[in-house]
Amino acid sequence: MEVQGRVFDYLNGEPLGSVDIHAATEDFSTKSEKDGSFTVSTSDATQMTLVFSKEGYAPLRITIWQDRLPDGMLRVDLMPQTHLHEEIVIVDDTHRLSYETTVDRGIIARATPDEAAALIGQIPGGDTVRRGAANGDPVLRGAQQDRLNLSCDGGMRVEYACPNRMDPPSAHIDLKSLKHVEVVKGPYAVRHGAVFAGMVNMVSRDLHYSDDGTSFSGAVEAGYETNGEGKTGNVELGLGGSRHALQLQLGIRDYADYDAAEGTSIPGAFKQDSIHLKYQTALTAHADLKAAIHRGETTDALFPALPMDMDLSRVLTASLEFRQRFEHAAVQSLSARVYATDNEHLMTNKRREIATRMAAVTDAETQTGGARIEAESLLWDGMLTFGSDYFTSVKDGIRTREMLMGPMAGRQMQDIVWADTDHDTIGVYAEYRRAIGDLVNMATGVRLDEVESIAKRPDPQFSAIYGNDLSERDSNVSAFAHLSFRPNDHLEWGVSAGLGTRSPNASERYIYLFPLGLDRYDYLGNPNLKPEENRQVDLSFGTHFEKFALKATVFYSDHQDFISARETDLVAPRTNNVLGVKQFFNIEDATRYGGDLTLDYRPHPAWHLHTTADYVRGENEGADDPLPEMPPLEWRLGAEYQRQQFSGGLLFRWVDDQDRVSHLFSETPTEGFSTADLRGSYDLAGFTLSVNVENLFDEEYAEHLSRKLRSDGTRIPEPGRSFFFTIRRSF
């Protein structure tokens with residue numbers, strides 16, 4: 001089967017050269033010519049699936065059937081990456097499923113603040129838990145922390161070392177290094193580890209070989225933010241040859257305290273720097289080897305909602321990946337990967353008033369490692385992906401307290417932060433996707449995990465409560481099925497059902513008297529916890545025409561053995577000024593339900609109007625109490641314009657009051673608010689100049705999920721009006 005066509009820019013109609021075109025089911029690739037033309041031939045006489053990709057454009061996958069071949073040349077339009085994008089369908093698409101969303105590089109480049117949690121917060125159903133100005137913790141449909149699987153490049157994970165999560169996994173992701181972000185809202189994925197309530201996979205940018213000798217490319221970017229006197233910088237360098245490719249990226253962020261809208265100064269200073277180095281070599285025409293090293297460091301970061309501030313967080317990651325493609329074989333590809341990470345964390349209270357009476361230093365470390373082997377095979381006109389993976393996490397840490405005043409002056413005490421805990425998981429999985437005729441798409445997957453955890457150096461009082469044998473083993477099953485129906489070219493219905501199972505983490509099983517939650521209690525781990533289960537159903541409807549698209553989704557989640565906490569008198573609290581001790585336990589039955597809506601309208605190729613709304617509700621059914629930290633109803637309305645060198649946009653955001661709060665966790669209501677953001681950029685002689693205005697009307701507000709200031713007990717207010725200026729030069 002042979003197809004001839006041309007590739008164009010969707011917005012300005014200009015032909016696009018050097019577009020990578022890959023036949024998905026065969027080991028064949030080519031590039032479009034300068035005038036956008038291309039020719040592709042495959043051995044399959046009935047259909048072909050092509051993937052089009054080019055830096056700065058959203059990737060596009062299309063399936064072309066022999067009996068639907070267009071008359072003359074096939075026209076392919078690639079969309080510049082300027083908005084949230086789910087694959088555009090030209091002829092047919094057998095791979096996009098209704099529960100999957102892709103955040104493209106255009107949105108990533110515009111995310112402010114420049115961090116992963118803020119990016120996820122722009123997705124319908126996405127929010128952020130904030131404990132300071134830096135290192136937000138992402139939330140998806142009210143699910144957060146380990147209930148949200150966040151990984152990089154399909155399974156690599158960095159774990160937090162701070163029990164209060166001032167260094168969540170999202171803090172170690174540099175947005176500038178990303179190609180796109182894959183989001184699954186629900187337990188509908190099995191390839192990247194166990195998924196309880198949602199998955200976010202951060203996909204790094206590709207390395208490119210060069211067929212025309214050695215090629216060199218790169219970019220330099222500098223930025224400044226007025227509120228917080230934020231200074232940012234980024235350097236990207238790429239080198240490509242016929243069999244080798246190299247990529248280097250350097251980034252910095254340096255911020256002072258910021259001002260809320262009423263002028264109050266909020267402690268939020270931090271400094272960050274990072275370096276990424278990646279190398280790829282073609283071992284043969286069908287095999288590649290890729291190595292990557294990343295180092296990231298955060299220093300002098302203030303967290304006004306926590307008892308301490310971060311003096312240092314240093315993360316090192318290293319990975320090695322091999323991929324082999326096969327021609328005309330039952331197995332289409334085989335890949336293998338190993339990786340390791342080390343997260344050193346140092347925090348103190350030296351900037352706090354209490355430091356004159358008691359000095360506290362916490363030195364903690366988390367090391368993780370993993371491996372995965374995966375194969376893809378054509379089976380019954382569909383794609384079967386199967387494999388096995390391994391993940392290990394080791395946490396250790398000590399807090400040292402020294403009394404400086406009073407009768408105990410000079411006395412030093414040491415508390416175990418992490419009890420030298422090991423958490424090991426080995427899993428096997430399989431996922432199958434196929435199109436059934438022209439109208440139906442299906443996907444299904446299953447995953448089995450064996451999880452072992454142990455605390456090797458617990459506090460003696462912890463052992464006195466639970467005994468000396470603190471090892472636990474869980475056998476977990478996760479599975480999902482999806483079916484979508486397209487009665488015509490404009491409508492799609494979808495239904496997804498899944499079971500996600502999660503074992504308790506190190507905090508939930510082994511923490512001893514540390515304040516972890518949103519309330520003023522010391523927390524006590526519980527080794528006897530059961531794994532929690534999420535049984536979820538999603539129903540979706542979508543319609544799209546040339547200028548208009550709508551997508552609506554509703555979901556219901558039934559949680560069995562949901563992990564929460566309740567007051568206990570097993571032990572007295574250790575931290576000053578707390579209300580008591582809470583012990584982790586399993587709730588027999590809890591629920592979450594809600595939905596989201598997205599509308600897009602393009603009255604003209606240069607204009608994009610869009611609106612989204614989302615809502616989630618959580619309930620502890622046994623206690624007749626709302627689940628804590630559920631985000632309120634949110635609605636967004638935006639307009640974007642892009643024509644040749646200029647692009648701009650205006651976004652209005654309206655958030656409702658949240659008065660459905662958990663009384664068991666002393667959660668307080670929050671008032672609703674509305675904000676507006678404005679942005680614009682202009683390309684000139686290889687330079688891109690950008691100006692963004694956040695909180696245009698200088699609104700005083702706080703997000704419901706933000707933690708409370710320790711100074712006065714109110715939620716951390718968001719920054720007042722702020723201007724972002726960025727200049728970027730690509731070459």
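Conventions adopted
- Residues numbered from 1 in each chain as written.
- Predicted model: local features only at pLDDT ≥ 70, side-chain atom pairs only at ≥ 80, totals over all residues.
- Heavy atoms only, no water.
- Helix = DSSP H or I, 4+ residues; strand = E, 2+ residues; numbered from the N terminus.
- Rg over C-alpha atoms; globule rule 2.2 N^0.38 Å.
- Buried < 20%, exposed > 50% of the residue type's maximum accessible area, 1.4 Å probe, protein only.
- Contact = heavy atoms within 4.5 Å.
- Pairing = 2+ DSSP bridges.
- Axes fitted to C-alpha atoms, helices over the stretch in contact; angles between N-to-C directions.
- Phe/Tyr/Trp six-rings, centres within 6.5 Å; stacked < 30°, edge-to-face > 60°.
- Lys NZ or Arg CZ within 6 Å of the ring centre and 35° of its normal.
- Salt bridge = Lys/Arg side-chain N within 4 Å of Asp/Glu carboxyl O.
- Core = buried A, V, L, I, M, F, W, Y, C linked by side-chain atoms within 4.5 Å.
- pLDDT = per-residue confidence, 0-100.
- Patch = residues over 30% accessible without salt bridge, like charges linked within 9 Å, V, L, I, M, F, W, Y side chains within 5 Å.
- Areas by Shrake-Rupley, 256 points an atom, 1.4 Å probe, with all protein chains shown as cover.
- Polar contact = N/O pair within 3.5 Å; in protein donor to acceptor, adjacent residues only side chain to side chain.

> An account of the overall build of the protein is needed here, citing residue identities and associated values.
Across its full length, the protein holds four helices and 41 strands. In summary, the protein has a C-alpha radius of gyration of 26 Å against a globular reference of 27 Å for 731 residues, a match within 12%. Along the longest, intermediate and shortest principal axes, the C-alpha atoms of the protein span 90 × 50 × 50 Å. Counting every position in the protein, which comprises 731 residues, the buried fraction comes to 55%. Long-range pairs, those at least 24 residues apart, make up 65% of the contacts in the protein with a sequence separation of at least 6.

> Residues and numbers for the sheet that holds strand 4 (residues 37-41), please.
The mixed open sheet is built from three strands, whose spatial order is 4-1-7. Lying at the two open borders of the sheet, with one neighbouring strand each, are strand 4 and strand 7 (74-78). Ignoring strand direction, the axes of neighbouring strands in this sheet form an average angle of 35 degrees. Direction of pairing for strand 1 (residues 2-9) relative to strand 7: parallel, over a ladder of five bridges. Note on strand 7: the bridge partner recorded for Arg6 is Arg75.

> Pulling in residues and values, what's your account of the packing of aromatic side chains?
All chains considered together, the criterion is met by 13 aromatic pairs. Ring centres 4.6 Å apart and planes at 50 degrees place the aromatic pair Trp493 and Phe541 in the tilted group. Here Trp493 is found in strand 29 (residues 491-502), whereas its partner Phe541 is found in strand 32 (residues 532-544), with 48 residues between them in sequence. An aromatic cluster of three or more residues is present, and its members are Phe462, Tyr466 and Tyr512. Sitting over the face of the ring of Trp418, Lys395 holds its NZ or CZ atom 5.0 Å from the ring centroid.

> Give a description of the pairing of strand 5 (residues 47-53) that names residues and reports values.
Among the seven residues that make up strand 5, five are buried, leaving the element largely enclosed by the rest of the structure. Relative to strand 5, strand 2 (residues 20-23) runs antiparallel, the two being bridged by four bridges. By the bridge assignment, Asp20 is partnered in strand 5 with Ser53. Here six bridges tie strand 5 to strand 6 (residues 60-65), and the two strands are oriented antiparallel to one another. Across the sheet, the residue bridging to Gln47 is Trp65, located in strand 6. Where strand 5 folds back on strand 6, the antiparallel hairpin that results is connected by six residues, among which Gly56 adopts a positive phi of roughly 95 degrees.

> Outline unusual backbone geometry, supporting the account with residue identities and numerical values.
Across residues other than glycine, the phi torsion is negative in most instances, and most of the peptide bonds are trans. Its identity as a non-glycine residue notwithstanding, Trp380 has a phi of 50 degrees, on the positive side. Of note, Asn577 is a non-glycine position whose phi angle comes to about 65 degrees, a positive value. Assignment of secondary structure puts Asn577 in the loop between strand 33 (548-568) and strand 34 (581-601).

> Any chance you could break down the pattern of salt bridges for me, citing the residues and the numbers?
The final tally for this structure, using the stated rule, is 52 salt bridges. Two residues, Glu452 and Arg473, come together in a salt bridge whose shortest N-O distance is 3.2 Å. Within this pair, whereas Glu452 is found in strand 27 (residues 440-455), its partner Arg473 is found in strand 28 (residues 472-485), the two being separated by 21 residues in sequence. You can call Glu452 partly exposed: its relative accessible area is 38%.

> Run through the environment of Ala318, naming residues and quoting values.
Here Ala318 is to be found in strand 22 (residues 309-325). A relative accessible area of 38% means that Ala318 is categorised as partly exposed. Ignoring sequence-local partners within four residues, the contact set of Ala318 consists of Ala292, Val338, Tyr339 and Ala340.

> Any chance you could break down the pairing of strand 14 (residues 198-204) for me, citing the residues and the numbers?
The element strand 14 is extensively covered by neighbouring structure, given that seven of its seven residues are classed as buried. Side-chain alternation along strand 14 places Gly198, Val200, Met202 and Ser204 on one buried face and Met199, Asn201 and Val203 on a second face that is also buried. In this structure, strand 12 (residues 148-152) lies alongside strand 14, joined through five bridges in parallel fashion. The residue of strand 14 that forms the bridge with Leu150 is Val200. The sheet contact formed by strand 13 (residues 178-184) and strand 14 spans six bridges and is antiparallel. Residue pairing across strands places His180 opposite Val203, the latter belonging to strand 14.

> Talk me through the environment of Asp127; I want residue IDs and the actual numbers.
With respect to the helices and strands, Asp127 occurs in strand 9 (residues 126-129). Residue classification places Asp127 among the buried positions, given a relative accessible area of 10%. As for Asp127 and Pro487, which are separated by 360 residues in sequence, their C-alpha atoms are 34 Å apart. Setting aside its immediate chain neighbours within four residues, Asp127 contacts Gly121, Asp137, Pro138, Val139, Pro631, Glu634 and Leu705.

> Describe the nonpolar core, with residues and values.
Generally speaking, soluble globular proteins have nonpolar side chains that are buried together. Phe52, Val76 and Leu78 are the most contacted members of the largest nonpolar core, which has 19 residues in total. When residues of this core are traced back to their parent elements, those giving at least two are strand 1, strand 2, strand 4, strand 5, strand 6 and strand 7. Every residue in contact with Val76, bar those within four places of it in the chain, is listed here: Arg6, Val7, Phe8, Phe38, Phe52, Leu60 and Ile62. In this structure, Ile108, Leu140, Leu150 and Val181 belong to the second largest nonpolar core, which totals 18 residues.

> An account of the confidence of the model for the protein is requested, with residue identities and associated values reported.
When pLDDT drops low, the exact placement of atoms in the prediction is not to be read closely. Per-residue pLDDT for the protein averages 90, and the proportion of residues at 70 or more is 94%. The low-confidence segment residues 82-96, where pLDDT is below 50, has 59 contacts with residues more than four positions distant or belonging to other chains.

> I'd love a proper account of a nonpolar patch on the surface, names of residues and values included.
A contiguous nonpolar patch, built from Tyr615, Leu633, Trp635, Leu637, Leu650, Phe652, Trp654, Leu678 and Phe697 and spanning about 790 Å² of accessible area, is present on the exposed surface. For the nonpolar patch, the element with the highest residue contribution is strand 38 (residues 646-655), accounting for three residues. Within the secondary structure, Phe697 is located in the loop between strand 40 (687-694) and strand 41 (722-730). We classify Phe697 as exposed; its relative accessible area is 57%.

> Describe the sheet that holds strand 5, naming the residues involved and giving the relevant values.
Across the sheet, four strands lie side by side as 3-2-5-6; this open sheet has antiparallel pairing. The sheet is open, and its two borders are formed by strand 3 (28-31) and strand 6, each paired with just one other strand. Across the sheet, the mean angle separating the axes of adjacent strands is 25 degrees when strand polarity is ignored.

> So what's going on with the side chain of Asp449? Residues and values would help.
Tracing the chain through its elements places Asp449 in strand 27. Residue class for Asp449 comes out buried when judged on its relative accessible area of 4%. For Asp449, the side chain forms a polar contact with the side chain of Arg447, separated by 2.9 Å. Contact partners of Asp449, with chain neighbours within four places excluded, come to Ala194, Thr425, Ile426, Gly427, Asp474, Ser475 and Asn476.

> I'd like a rundown of the environment of Glu14, residues and numbers included.
Mapped onto the fold, Glu14 is located in the loop between strand 1 and strand 2. Judged by its relative accessible area of 47%, Glu14 falls in the partly exposed class. C-alpha separation for the pair Glu14 and Asp35, spaced 21 residues apart in sequence, amounts to 8.8 Å.

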